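Single-letter residue listing:
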Amino acid sequence: MAKLTKAFRGVPVGEIYPIQYQPGDECPPELEAGARASGALAEGNPSGGPGQEDKAELIAKLEAAGIEHKKSWGVDKLAAALAEGKKE
């Protein structure tokens, strides 16, 4: 789980009332999107992988370079396609 950098309120799975999380607390995975949107996460990426900003940036670079890709690909595959396309 990602660590919070500022106070954040959210309702984790299984609860019906919001919980006030403090800086340094671990953010439950189901609340990471909301915490990220409010700027409360230590890192901009979800736990276990790169964020959507990275994916959008890679897609833009691939389209600018004219490299074939699918928008459904993950960040790792998009990055590999960009690296491979730059070699050619």
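Before any of the text, the structure's been laid out above.
Residues numbered from 1 in each chain as written. Predicted model: local features only at pLDDT ≥ 70, side-chain atom pairs only at ≥ 80, totals over all residues. Heavy atoms only, no water.

Take the overall build of the protein next. Of the regular secondary structure elements, the protein holds three helices and four strands. Secondary structure elements of the protein occur, N-terminal to C-terminal, as β-β-β-β-α-α-α. Looking at the protein as a whole, 27% of its 88 residues are labelled buried. By element, 53% of the accessible surface of the protein is carried by carbon and sulfur atoms, the whole surface being about 5800 Å². (Helix = DSSP H or I, 4+ residues; strand = E, 2+ residues; numbered from the N terminus. Buried < 20%, exposed > 50% of the residue type's maximum accessible area, 1.4 Å probe, protein only. Areas by Shrake-Rupley, 256 points an atom, 1.4 Å probe, with all protein chains shown as cover.)

We now examine the nonpolar core. A2, L4, F8, Y21, C27, L31, A35, A40 and L41 together form the largest nonpolar core, which totals nine residues. Among the nonpolar cores identified, the runner-up in size contains eight residues, and L58, V75, A81 and L82 belong to it. (Core = buried A, V, L, I, M, F, W, Y, C linked by side-chain atoms within 4.5 Å.)

For the coordinates displayed, the defined rule picks out three salt bridges. E26 is the partner of K3 in a salt bridge, and the nearest nitrogen-oxygen pair spans 3.8 Å. Residue K3 is found in strand β1 (residues 2-3), and its partner E26 is found in strand β4 (residues 26-27); the two are separated by 23 residues along the sequence. Notably, a salt bridge pairs E32 with R36, separated by 3.7 Å at the nearest N-O pair. Residue E32 and its partner R36 are located together in helix α1 (residues 32-37), separated by four residues, close to a single helical turn. (Salt bridge = Lys/Arg side-chain N within 4 Å of Asp/Glu carboxyl O.)

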